[in-house]
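Inside the fold
Now for the letters of each chain:
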Amino acid sequence: MIASWWAAVAVLTRLPVRSSLDDRRGARWFAIVGALVGAGGFVPMVALGAIIPGGAAILAVGTMAVLSGALHLDGLADTADALVAIGPGAAERARKDPSIGVGGATALILVLGLDVVSLATLAGTLGAAVAGLACLAGGAVSRAVPVVVGRIARSSATGVGLGGAFVQQLTAADAVIASSTALAVAGIAALGAGSSPVLLGSLVALPVGVGLGLAVVHVRHQLDGDGLGAAVELSVAAMLLVTAWAATAGRVPVA
């Protein structure tokens, strides 16, 4: 159990931990590790969200990116570059190109912009603490997404790189445990925030993230680590956007 925990921490963060990275049970801890990454966004939101919500949101998104080594943002950019390329050969070259193309840059601007605006909106409507707890819930739910996508679409895995090795080790139990844990964390965060929009955002983000991840696999005709990373970032954006919408529209009552 300890080995699998550190394996998950080593995969999802840039914290200096020792791990072989090959413990097959590490995926079961992804939601908890994701919540820890989200805690990095919780701190600046709570500290500064009531004073400068926009600045706090930028710091929160930046802190979470630093903690994760921007791993999933890189996957989002590479996947977007591949999707706008013409032909499978060009798409794969674009994905593997270390430089960011127009598609990748556009995707990063849109997704990070959604994250920042949604968090600032939450801080302004429901308070800084709720926005911070949304980071926690979003971190947990989004990290469960690649486990579910990987398990469902494992036959499409390229079989090379960290992503391919990760997918081949996944079990059905990993997907169930990761998603269940993610929703439990989201429920606790929503209870702590006294805010049902946080729970709504989490409940929407998990299937949306999985759906988008599987759509990328379908369009690309393959499953790779970059696609899984893109699914993580799209899940975070979906969670925060739905939560902010629900809070602003007032269609979901605040508990």
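A brief structural summary.

Rules and cut-offs
Residues numbered from 1 in each chain as written. Predicted model: local features only at pLDDT ≥ 70, side-chain atom pairs only at ≥ 80, totals over all residues. Heavy atoms only, no water. Helix = DSSP H or I, 4+ residues; strand = E, 2+ residues; numbered from the N terminus. Core = buried A, V, L, I, M, F, W, Y, C linked by side-chain atoms within 4.5 Å. Buried < 20%, exposed > 50% of the residue type's maximum accessible area, 1.4 Å probe, protein only. Contact = heavy atoms within 4.5 Å. Salt bridge = Lys/Arg side-chain N within 4 Å of Asp/Glu carboxyl O. Expected span 1.5 Å × (residues − 1).

1. A look at the environment of Gln169
Looking at the element boundaries, Gln169 is found in helix α8 (residues 161–169). Sequence separation between Gln169 and Ala27 is 142 residues, and the spatial gap between their C-alpha atoms is 9.1 Å.

2. Some words on the nonpolar core
By size, the foremost hydrophobic cluster in this structure holds 61 residues, and its most contacted members are Phe30, Met45, Leu119, Val147, Phe166, Leu223 and Met239. Among the elements that take part in this core, helix α7 (residues 128–152) stands out by supplying 13 residues, more than any other. Excluding its chain neighbours within four sequence positions, the residues that come into contact with Phe166 are Ala27, Phe30, Pro146, Val147 and Leu228. Counting residues in each nonpolar core, the second largest holds ten residues, with Ala65, Ala77, Ala107 and Ala237 among its members.

3. Some thoughts on the side chain of Thr243
Residue position: Thr243 is located in helix α11 (residues 225–249). Ignoring sequence-local partners within four residues, the contact set of Thr243 consists of Leu122, Pro197, Val198 and Gly201.

4. A closer look at unusual backbone geometry
Backbone geometry places Ala70, a non-glycine residue, at a positive phi of 55°. Along the chain, Ala70 falls in the loop between α3 (53–67) and α4 (71–84). With a phi close to 60°, His221 is a non-glycine residue in the positive phi region. Assignment of secondary structure puts His221 in the loop between α10 (196–220) and α11. Given the relative accessible area of 69%, His221 is considered exposed.

5. Comments concerning the pattern of salt bridges
Summed over all chains, the structure comprises seven salt bridges. A salt bridge links Arg28 to Asp174; the shortest N-O distance between them is 2.6 Å. One end of the pair, Arg28, is in the loop between α1 (2–12) and α2 (30–48); the other, Asp174, is in helix α9 (residues 172–193), and 146 residues separate them in sequence. The class of Arg28 is partly exposed, set by a relative accessible area of 27%. Of the charged contacts in the structure, one is a salt bridge between Arg95 and Asp224, with a shortest N-O distance of 3.4 Å. One end of the pair, Arg95, is in helix α5 (residues 88–96); the other, Asp224, is in the loop between α10 and α11, with 129 residues separating them in the sequence. The burial state of Arg95 is the same as that of Asp224; both residues are buried. By sharing partners, the salt bridges in this structure join Glu92, Arg95, Lys96, Arg220, Asp224 and Asp226 into a single network.

6. Digging into helix α6 (residues 102–125)
An ideal rise of 1.5 Å per residue puts 34 Å on 24 residues; α6 measures up with 34 Å between its terminal C-alpha atoms. By the burial criterion, the buried members of α6 are Gly103, Gly104, Ala107, Leu108, Val111, Asp115, Val116, Ser118, Leu119, Ala120, Leu122 and Ala123. Packed against the buried residues of α6 are α2, α3, α4, α7 and α11. Where α6 ends, the next residue or the one after it, Gly127, has phi of about 110°, a positive value.

7. Let's talk about α10
Counted at 1.5 Å a residue, the expected span for α10 with its 25 residues is 36 Å, and the 36 Å between its end C-alpha atoms agrees. Every buried residue of α10 is accounted for by Pro197, Val198, Gly201, Ser202, Ala205, Leu206, Gly209, Val210, Gly213, Val216, Val217 and Arg220. Considering only its buried residues, α10 is in contact with α4, α5, α7, α9 and α11. Following α10 by one or two positions, His221 has its phi on the positive side, about 60°.

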